[in-house]
Structure formats: structure tokens, C-alpha cells
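Observations on the three-dimensional arrangement
Next come the chains, spelled out residue by residue.
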Amino acid sequence: MNLPAWIISLPLLAAVVTVVLPRTGRWVGIFTAIIIPLVVVLLCVEILVQGALQMQVGGWQAPLGIQLYADGLSVAMLALTAIVIGCSTFYARSYFTGKATSRSFWPLWMFLWAALNALFLSGDIFNLYVTLELLGLSAVALVALSQTADALSAAMRYLLVSLTGSLSYLMGVALLYAANGTLSIKMLATVGPASPSLSTAFALMAAGLIMKSALFPMHFWLPPAHANAPAPVSAVLSALVVKASFYILVRLWLMIFEPFINPSTAQLMGMLGAFAVIWGSVQALLAERLKLLVAYSTVAQIGYLFLIFPLSSTPQTAHTAWQGGLYFVFSHACAKAAVFLAAGTVIYAFGHDRINELHGIVRRMPVSMFAFALAGVSLIGLPPSGGFIAKWLYLNAALASGQWWWSGLIILGGLLATAYIFRFFSRAFSYFPEVVEGRPVPKIMEWTALGLALCAIFLGLTAPAVTELLNAGKPF
Amino acid sequence: MNIPILYELVGVILLGMGLYSLVIYSHLFRKILALNVSGAGVFLFLVAAADRTSGPLPDPVPHAMVLTGIVVAVSATALALALACRIHQVSGNAQLTDNKPE
Amino acid sequence: MIRKNGNHLFSRPGQSIAAIGVLTLTGILGWTVWTLPPFSDQMSALISSKMPISGVDNPVTAVLLNFRGYDTLLEIGVLLLAAVGVLSVAPSAVMRADSSPSPILVLLLRLMLPFIILVSGYILWIGKYAPGGAFQAGAVLAAGGILLVTAAVRFNLSASKAMPLATGIGLLIFLIMALATMMVCGNFLQYPVTLAGTLILVIEAAATLSIAAALVRLFVGVKSDTDPPASGEDSKILTFEEENLIK
């Protein structure tokens with residue numbers, strides 16, 4: 001049963017069908033959103049039972065052909081993708097009402113899903129380049145779907161940064177191939193002693209991937225892009241697209257580059273992550289619009305991800321640090337998607353998202369605000385959410401490896417997150433005699449937001465099961 | 001210095017030139033052109049790397065990579081140009097406005 | 001309006017810093033290239049040994065359509081995606097010529113179009129034995145399509161229902177072949193050895209049509225900058241966000 005191939009082919013088929021027959025867009029999207037999570041669950045079960053899975057596409061062994069590789073890490077990312085995009089698809093079905101927008105939205109959405117699935121399953125560095133481009137182009141086209149001047153400029157900026165990053169990554173791939181004669185990650189795992197080509201290739205690939213992951217100082221494209229995109233698009237962009245390039249960086253680091261790279265590089269990435277946390281949180285505090293606040297919160301949370309690298313430098317804490325970082329990925333994805341979907345319902349109801357004018361809206365839309373509250377709990381890092389587990393694992397790793405300064409940063413980040421979350425909360429939950437009028441929101445939109453927020457909490461409660469899935473196939 | 005290394009170095013120089021122009025110029029069309037020049041540099045490097053075999057025939061894998069890369073680059077350039085044209089149509093200027101998002 | 005201080009983003013010192021930075025990067029990269037280890041022939045030898053069962057005689061086509069066919073599948077997806085993206089960004093793009101195209105273009109169209117189709121078919125066919133194949137043939141055919149769009153007054157591609165099908169058929173056939181071979185031979189995109197050549201030709205033929213259609217769509221999407229936005233429902237692609245935004 002060739003499950004990885006089906007996971008990649010199904011959204012591609014859906015994309016082609018929605019291009020050839022544009023009127024079928026809506027129900028093809030819903031159908032795919034139901035089928036793919038089921039297939040992913042089957043793959044999860046198979047990985048848990050059998051360990052890592054390797055597939056030669058076309059039957060050709062490496063280095064001749066392309067390999068697909070599925071271990072606990074890839075399958076966990078696939079499951080995350082299925083959950084977030086699945087919920088957002090139900091949301092998007094009610095959100096997009098114009099005929100012309102639907103005609104463009106569904107193919108782009110399915111291509112985005114196909115790109116993510118192909119990326120998480122790929123075991124070949126050039127194949128990763130093609131999936132990165134597929135991902136980047138579909139994300140840009142989706143951002144531009146709002147058709148406002150701000151959205152178009154944001155999309156253009158995003159595209160230029162994305163292309164520069166891809167080009168840098170491709171140069172790294174070219175160097176690696178010229179030096180080693182193979183494109184397969186498994187084969188590259190056995191490369192020889194440190195050489196200039198390895199370090200330069202890593203520098204190029206890391207620079208490209210960091211640009212695409214919006215790590216400080218390459219974060220400038222993210223806030224306008226995520227703030228001006230339609231709500232379900234922002235949700236998936238913040239939750240999954242920026243994590244995809246981070247995932248590739250983690251894979252390359254773990255499987256190929258780690259023994260050869262100077263430990264000070266890891267500390268540098270951690271420092272950039274620290275700046276991202278502080279800068280992003282401060283800008284979120286100053287933001288006037290809700291979606292902009294949430295976008296800057298993404299910039300801050302991405303900084304946490306890059307703390308993986310310095311925290312995993314000592315062998316005894318490496319495992320804890322990796323699990324903490326990946327828990328961050330999962331819980332942030334669910335929480336941030338929930339928050340963006342909730343922000344989308346606010347815009348749908350009231351027509352704007354200026355924070356200072358959203359008084360007391362909890363009475364109009366209690367479900368969305370509850371979703372926002374639960375997601376906020378995870379973003380701040382309070383128990384029993386997934387965000388709490390992630391920060392706790394990080395603090396453990398930081399103190400055990402003697403790098404106590406990172407724990408200060410994590411606590412500071414939590415305080416800043418509390419500040420900007422409550423900035424919106426205090427308005428939304430305030431008691432105001434006159435409540436703003438708004439139009440009714442379809443129930444499905446509010447409930448998908450709540451569902452994703454519950455996932456973020458659920459991740460905290462089921463930590464043992466999730467970590468068991470993560471460790472299947474021994475990715476670390 | 002043998003011939004493949006010469007072409008590889010030229011590819012690297014093109015990459016650098018494109019990167020410089022991308023950063024310096026503010027007109028969108030120049031940025032898109034700069035990205036294309038950089039892409040051409042990377043493709044030149046790949047094709048030259050294919051020539052480093054000892055036999056008479058070059059290695060076909062970099063050639064396939066370049067073919068794929070060219071198609072991807074054309075797709076990306078077309079999307080970028082369409083966006084640039086639309087930005088010009090909507091806002092009247094062909095440069096990314098530096099407005100802080102409120 | 002163009003900025004008064006010229007086309008540069010930074011002042012002189014900023015440009016010098018950027019120049020120094022780029023020169024350093026290029027220098028490091030150049031030094032790395034200089035010290036690359038010599039290339040091994042392992043890959044070429046491996047490919048030569050597997051050529052007889054690949055179904056074609058040209059090594060590049062074999063790599064592109066057989067050994068690393070999955071990359072080509074995704075790449076056709078990227079092209080289709082760009083066509084859809086350009087359509088969504090420039091929805092008022094009309095795929096028809098002006099009412100009075102230049103006579104040179106009309107003459108060119110009448111003379112060249114049959115040859116273009118012929119040459120495209122030839123390049124597609126010869127891809128099995130020599131440099132050629134789907135992408136090159138698709139590009140040539142796209143040139144014919146662009147001629148049609150700019151010069152043929154009575155030919156309106158926008159109104160054609162076949163255009164979406166033509167754009168999507170390449171990826172569709174490729175996917176169907178991939179899944180079919182998976183169910184028959186056990187592995188995604190694993191062609192049975194005796195049928196490999198035929199399957200590759202079928203996939204390439206569909207891909208040629210698709211690539212040409214997508215490239216014409218890309219051309220048209222970028223061309224229509226000066227056309228006024230068409231009125232009517234199709235151009236009203238503002239979501240309700242924009243409609244409801246209280247400025």
C-alpha cells in the first residue's frame with residue numbers, strides 16, 4: 001500500500017480537477033479535506049508499527065532515482081498539515097463567496113497542500129527545491145488573492161524574498177552535487193570530512209531557508225503578507241508554510257551537516273531567534289490591527305524555533321531540545337491558525353480589525369473569543385497547553401546544558417506574549433454598554449477556529465502519545 | 001585552469017552581480033531581471049559542473065536539473081511580472097512602497 | 001511616479017557596503033568552487049548501464065522522464081500553478097488580439113504557424129534519440145500560440161472551453177500514468193520495461209500541449225497591463241474584506 005504516493009497525488013489530482021472543471025472547486029476541496037487526513041492517519045499507524053519508511057520513486061535506487069522518506073518527524077508534520085488545512089478548508093468554504101475568487105482559490109489551495117505533503121515526504125535535496133518553489137508560488141498567489149494594493153505589495157515582497165531564498169538554496173544543492181555526486185539525503189549523510197564545499201553549501205542553504213522562515217532580520221516580509229492575506233490563507237501561512245522551510249533546515253542539520261558545523265553557528269542562530277522573540281513581541285504590542293498583531297506574534301514565535309540549535313548542542317540535552325522545538329512547531333501551528341481564523345470571523349462580522357474599536361465583542365461572538373482565549377493560553381505557554389509542554393522542555397534543556405541565559409529569554413517571551421494577548425482580550429472582554437453591530441457569522445467558521453484551538457490544548461494533554469509518534473523511526 | 005572551472009566561476013560572478021542589483025535597485029522590473037541573472041548564473045554553474053566527467057559524455061543529471069530549474073524560473077518570473085504589472089495598474093508606481101504596515 | 005533621487009534604494013555609502021558584501025560572498029564562493037574535489041564518474045556510468053531499460057536513447061530524457069520523473073511531475077505542477085496564479089492576479093486578461101493587428105504579425109502568423117506545429121511535433125518525437133522532448137516542443141508550440149493571440153483577430157482563446165482542459169491535461173495524464181503504474185508495478189512512476197518508451201511518449205505529448213497552453217496563459221497575463229480592466233462580474237474579485245473595509 002503505497003501511502004506516501006497517495007498522500008502526494010491526491011491533492012495534485014484535486015488541483016488539476018479544479019483547474020479543468022472550475023465549478024467543482026468547492027466540493028472537490030471538501031472531499032479532499034476529508035480523505036487526506038484519513039490516509040495520513042493510516043500512514044501514522046504504519047510508521048508507528050514499522051518504523052521509518054523509505055520508498056524509491058520509479059523503482060530506481062539512489063543515487064539514480066528520487067527517494068521518499070517517512071519517519072516520525074515527517075509523519076507528524078503531515079498530520080499537522082492535514083489537521084490545519086482540513087479545518088481551514090471548511091472555514092474557507094464559507095469565507096469565499098465570490099465566484100471568480102473561488103475559481104482561483106481552490107486550485108491554489110490544493111497546490112499548496114500538495115507542495116507541503118511532497119515537501120515533508122521528500123528525501124532528495126533537488127526534489128526539495130522543486131517542492132519549495134511549488135510552495136512559495138502558491139503561497140504568494142494566495143496572498144495576492146485579496147487584490148488590495150497592500151496585499152499586492154506584500155505578495156510582491158514575499159515573492160522576491162522567496163525567490164532569493166530558493167536561489168540560494170539551489171546554489172547550495174549545486175555545490176553539494178558537484179562535490180559529492182549524489183542528491184539523496186540518505187547518501188549525503190555519509191559525506192566525508194569537513195571541507196569548504198560543505199560549509200559553503202550549508203551557509204547557502206541555511207541562508208535561503210532562513211529567509212523563507214522569516215527569522216530576524218529576514219522577517220520584514222512576513223507581517224504585511226500575513227496581515228493582508230485572506231484569513232484562511234494567513235492561518236496556513238503562519239502555521240505551516242514558514243515551518244516547512246524550518247523543517248528542511250532541521251532535516252539537513254540532523255542528517256548531513258551537524259558534525260561539520262562550528263558550534264558558534266548554532267549560538268548565532270539562537271541569538272537571532274532571541275532578537276526575533278523580543279522584536280516581534282514589541283511590535284505586536286504596538287500593532288493597531290488585530291491581524292498585524294497576530295502576524296508579529298508569528299515573528300516572535302519563530303524565534304523560539306531557532307533556539308533548537310544552541311539547546312541541542314550537548315548530547316544529553318539534545319533529545320529534549322529537539323522534542324521541545326518540535327512541540328513548539330505543532331502547538332504554535334494549531335494556536336496561530338485558530339487565532340487567524342478567529343480574526344477572520346471578526347473581520348467578517350464587523351468589517352475591520354482595529355483593536356481599539358473592538359469593544360465587548362465577546363457578546364457577539366463568544367465561540368470565536370473562546371477559541372482566541374484557548375489559543376492565547378498556548379501561545380503564552382500556560383499549562384495544560386502544548387505551548388506549555390514546549391517551553392517546559394526547552395527550559396529543561398537550557399538548565400541541563402548550562403545555558404541558563406536562554407531560560408531567561410523564554411520567560412521574558414512568555415511575559416511579552418501575555419502582554420500582547422491581553423491587549424486584545426481586555427478590549428474584547430470589556431463591558432461596554434453599546435456593543436458594535438455586526439453581521440452574523442456562519443457557525444462553521446467559528447467552530448473550526450475553536451476546533452484548532454482545542455487541538456493546541458489537546459497537544460498538551462496527550463504529550464506522551466505525540467512524543468512516541470515523533471520518535472518513530474529515530475529521527476534524532 | 002581547465003574549462004569547466006572557468007564557466008563555474010563565471011556562473012558564480014553572475015550570481016553575485018544579480019544579488020547586488022537585487023538589493024540596490026528599487027524598480028520592480030530591475031529586481032526581477034536581477035533574479036533572472038542570478039538564476040542564469042546558478043544554471044551555468046550546474047552545466048559546467050556536468051562537464052567535469054573524465055569521459056567524452058557529460059553527466060546528464062545536472063542538465064535535467066537545469067531544465068527543471070528553467071521551467072520553475074520562468075513560472076516564477078511570470079508570476080512576478082504579473083504582480084508587478086498589477087501593482088502598477090492599481091497604485092501607479094512600479095516600486096515597492098516602503099510604507100510601514102500601519 | 002518615479003522617485004526623484006533616482007532608481008537606487010540606498011545612498012552612496014549604502015551601495016558601497018552592499019558592493020563589498022556581495023564581493024566578499026562571491027569571493028568565498030569562487031574559492032569554494034576552485035577547491036572542489038574532482039568529479040567522479042559514478043553517476044554517468046550508472047546511467048549508461050541503466051539506459052537500455054529506460055525506454056529512450058537520450059540520457060537527459062531518460063533522467064528527466066524516467067529516473068527522476070517525479071521532479072518533472074512536480075515541475076509541470078509548478079507551471080500549471082503559475083498559470084492559475086497569473087489568472088488570479090490579472091483576471092481581466094483577455095486572450096484575443098486587438099481589432100487591427102500589425103500586418104507583419106498577420107503575415108508571420110500565416111507563414112509560420114504550420115511550420116511551428118510541425119517543428120514542435122518533430123522536437124517532441126526526436127526527444128527519444130537526441131536533445132529535445134516535451135519542454136522544448138512546448139515552448140515552440142507556445143510561440144505559435146502567442147502569434148495566434150496577438151495576430152488572429154477572429155480567434156478568441158478566452159471564450160474557448162478547451163483552454164482549461166488543455167492547460168491541465170499534461171499534469172492529469174502524468175498523474176494517471178503514475179498512479180496506474182503504481183497499482184500495476186508496485187512503485188510510484190515505475191514503468192514496465194517493455195512499455196516504458198510508449199508511456200514516456202504519451203506523457204510527453206500531453207505535457208507539450210499543457211506547457212504550450214500554460215506559457216500562452218503566462219504571456220497573456222503579463223501582456224495586458226495597458227488594457228483597461230474589463231467590466232462585469234469577472235473583474236469583481238474583491239472579497240468581502242475589501243468591500244466591508246471601513247477606510
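Residues numbered from 1 in each chain as written. Chains lettered and ligands numbered in written order. Predicted model: local features only at pLDDT ≥ 70, side-chain atom pairs only at ≥ 80, totals over all residues. Heavy atoms only, no water.

Within chain C, the regular secondary structure consists of nine helices and zero strands. Going residue by residue from the N terminus, the α and β elements of chain C occur as α-α-α-α-α-α-α-α-α. By residue count, 47% of the 247 residues in chain C fall in the buried class. If you take every contact in chain C between residues at least 6 apart in sequence, the share linking residues at least 24 apart comes to 76%. With the model as given, the accessible surface of chain C reaches about 11800 Å², and the carbon-plus-sulfur share is 71%. (Helix = DSSP H or I, 4+ residues; strand = E, 2+ residues; numbered from the N terminus. Buried < 20%, exposed > 50% of the residue type's maximum accessible area, 1.4 Å probe, protein only. Contact = heavy atoms within 4.5 Å. Areas by Shrake-Rupley, 256 points an atom, 1.4 Å probe, with all protein chains shown as cover.)

Moving on, we get to the overall build of chain B. If you tally the helices and strands in chain B, you get three helices and zero strands. Across chain B, helices and strands are ordered from the amino to the carboxyl terminus as α-α-α. For 102 residues, the compact-globule formula gives about 13 Å, and the C-alpha radius of gyration of chain B, at 17 Å, lies well above that figure. In terms of its C-alpha atoms, chain B occupies a principal-axis envelope of roughly 60 × 25 × 20 Å. (Rg over C-alpha atoms; globule rule 2.2 N^0.38 Å.)

Next up on the list: the interface of chain B and chain C. On the side of chain C, 46 residues touch chain B, which itself brings 48 residues to the contact. Note on chain B versus chain C: buried area summed over both sides is about 4100 Å², and carbon and sulfur give 70% of it. If you look at where chain B meets chain C, you find zero salt bridges. On the surface where chain B and chain C come into contact, there are three residue pairs in polar contact (both at pLDDT 80 or more). Elements represented by at least two residues in the side of chain B that touches chain C include exactly helix H1 (3-24), helix H2 (28-50) and helix H3 (60-91) of chain B. In the side of chain B that touches chain C, the residues fall into 27 nonpolar, 14 polar and seven charged. (Buried area = accessible area lost by both parts, 1.4 Å probe. Salt bridge = Lys/Arg side-chain N within 4 Å of Asp/Glu carboxyl O. Polar contact = N/O pair within 3.5 Å; in protein donor to acceptor, adjacent residues only side chain to side chain. Nonpolar A, V, L, I, M, F, W, Y, C, P; charged D, E, K, R; others polar.)

This part takes up the nonpolar core. Judged by nonpolar contacts, the single largest core of 298 residues is most densely connected at A:Tyr169 and C:Tyr70. Among the elements that line this core, the one with the most residues is helix H14 (residues 315-350) of chain A, at 22 residues. Apart from residues no more than four positions distant in its own chain, A:Tyr169 is found in contact with A:Ile125, A:Leu128, A:Tyr129, A:Leu132, A:Leu204, A:Met205, A:Leu209, A:Ile248 and A:Leu252. Grouped together as the second largest cluster of nonpolar side chains are nine residues, C:Leu157, C:Ala212, C:Ala213 and C:Val220 included. (Core = buried A, V, L, I, M, F, W, Y, C linked by side-chain atoms within 4.5 Å.)

Glancing now at the packing of helix H8 (residues 196-213) of chain A against helix H10 (residues 231-257) of chain A. All names here are of chain A. Remark: H8 packs on H10, axes separated minimally by 8 Å, with the N-to-C direction vectors making an angle of 160°. Taken together, the axes of H8 and H10 lie roughly antiparallel to each other. Judged by the twist between their axes, the crossing of H8 over H10 is left-handed. From H8, Leu198, Phe202, Met205, Ala206, Leu209, Ile210, Lys212 and Ser213 reach across to H10, where they touch Val242, Ser245, Phe246, Ile248, Leu249, Leu252, Trp253 and Phe257. (Axes fitted to C-alpha atoms, helices over the stretch in contact; angles between N-to-C directions. Parallel < 35°, antiparallel > 145°, perpendicular 65-115°, else oblique. Left-handed = near helix turned anticlockwise from the far one by under 90°.)

Residues and elements named next belong to chain B. The contact between H1 and H2 brings their axes to 7 Å, and the two run at 165°. In terms of orientation, H1 and H2 fall into the roughly antiparallel class. For the element pair H1 and H2, the recorded crossing hand is left-handed. Along the lines of polarity and charge, the residues of the contact of H1 with H2 split into 17 nonpolar, five polar and two charged.

Let us look at helix H5 (residues 125-143) of chain A. All names here are of chain A. The terminal C-alpha atoms of H5 lie 27 Å apart, and with 19 residues this matches the ideal 27 Å at 1.5 Å per residue to within 8%. Across the 19 residues of H5, 19 count as buried, placing the element largely inside the fold. Of the residues that open H5, the one with a side-chain oxygen 3.1 Å from the backbone nitrogen of Phe126 is Asp124. (Expected span 1.5 Å × (residues − 1).)

With that settled, consider a nonpolar patch on the surface. A surface patch of nonpolar side chains, amounting to about 370 Å² of accessible area, comprises A:Val41, A:Val45, A:Leu48 and A:Val49. Tracing the chain through its elements places A:Leu48 in helix H2 (residues 25-50). (Patch = residues over 30% accessible without salt bridge, like charges linked within 9 Å, V, L, I, M, F, W, Y side chains within 5 Å.)

Let us look at the pattern of salt bridges. Overall, the coordinates contain four salt bridges over all chains when judged by the stated rule. As a salt-bridge pair, C:Arg68 and A:Asp124 come within 2.7 Å of each other at their nearest N and O atoms. Highlighted residues: C:Arg68 in the loop between helix H3 (59-67) and helix H4 (69-89) and A:Asp124 in the loop between helix H4 (99-121) and H5, drawn from two different chains. Each member of the pair, C:Arg68 together with A:Asp124, is buried. A salt bridge links B:Arg52 to B:Glu8; the nearest nitrogen and oxygen atoms lie 3.8 Å apart. In this pair, B:Arg52 sits in the loop between H2 and H3 while B:Glu8 sits in helix H1, placing the two residues 44 residues apart along the sequence. The class for B:Glu8 is buried, based on a relative accessible area of 0%.

Within this structure, the stated rule accounts for 26 aromatic pairs over all chains. Ring centres 5.6 Å apart and planes at 25° place the aromatic pair A:Tyr91 and A:Tyr95 in the stacked group. In this pair, A:Tyr91 and A:Tyr95 are both assigned in helix H3 (residues 72-95), four residues apart and thus about one turn of the helix distant. Assigned by exposure class, A:Tyr91 and A:Tyr95 land together as buried. With a centroid separation of 6.3 Å and an interplanar angle of 70°, the aromatic rings of A:Phe246 and A:Phe309 are classed as edge-to-face. Remark: A:Phe309 occurs in helix H13 (residues 308-311) and A:Phe246 occurs in helix H10; sequence separation between them is 63 residues. The class for A:Phe309 is buried, based on a relative accessible area of 1%. The cationic tip of B:Arg30 hangs over the ring face of B:Tyr25; the distance from NZ or CZ to the ring centre is 3.8 Å. (Phe/Tyr/Trp six-rings, centres within 6.5 Å; stacked < 30°, edge-to-face > 60°. Lys NZ or Arg CZ within 6 Å of the ring centre and 35° of its normal.)

Attention shifts here to the environment of C:Arg68. Classification of C:Arg68 as buried rests on a relative accessible area of 4%. The sequence separation of C:Arg68 and C:Leu189 amounts to 121 residues, and the corresponding C-alpha distance is 9.5 Å. Beyond its immediate sequence surroundings of up to four residues, C:Arg68 is in contact with A:Leu64, A:Gly65, A:Ile66, A:Asp124, A:Phe126, A:Asn127, A:Leu183 and C:Val63.

Taken residue by residue, the interface counts 68 residues in chain A and 54 residues in chain C. Between chain A and chain C, a total of about 5700 Å² is buried, with carbon and sulfur atoms accounting for 72% of that surface. Here chain A and chain C share six residue pairs in polar contact (both at pLDDT 80 or more) between them. The set of elements that each furnish at least two residues to the side of chain A that touches chain C consists of helix H1 (3-20), strand S1 (53-56), H4, H5, helix H6 (149-180), H8 and H14 of chain A. Class assignment for the residues of the side of chain A that touches chain C results in 43 nonpolar, 19 polar and six charged.

Since the α-helix turns once every 3.6 residues, residues separated by three or four places project in the same direction. For H10(A), built from 27 residues, the straight-helix expectation of 39 Å at 1.5 Å per residue is met to within 8% by its first-to-last C-alpha distance of 37 Å. At A:Leu237, H10(A) shows its maximal kink, close to 40°. (Bend = angle between axes of the 7 residues up to and from the residue.)

Residue and element names in this part refer to chain A. Residue Pro217 follows Phe216 across a cis peptide bond; omega there is 0°. Structurally, the position occupied by Pro217 is in the loop between H8 and helix H9 (222-228). Across the junction of Pro383 and Pro384, the peptide omega takes the value 5°, indicating a cis bond. Here Pro384 lies in the loop between helix H15 (366-380) and helix H16 (386-400).

Our next topic: the side chain of A:Thr317. Residues and elements named next belong to chain A. Here Thr317 lies in helix H14. A polar side-chain atom of Thr317 sits 3.2 Å from the main-chain carbonyl oxygen of Leu311. In this view, Thr317 contacts Leu311, Ala397, Ala400 and Ser401; residues no more than four positions away in its chain are not counted.

Residues and elements named next belong to chain C. Predicted confidence across chain C gives a mean pLDDT of 82, with 83% of residues reaching 70 or more. Every residue in residues 225-247 scores below 50 in pLDDT, and together they form 41 contacts with partners more than four places removed in sequence or on other chains. Across the interfaces of the predicted complex, the ipTM metric reaches 0.95, alongside a pTM of 0.93. (pLDDT = per-residue confidence, 0-100.)

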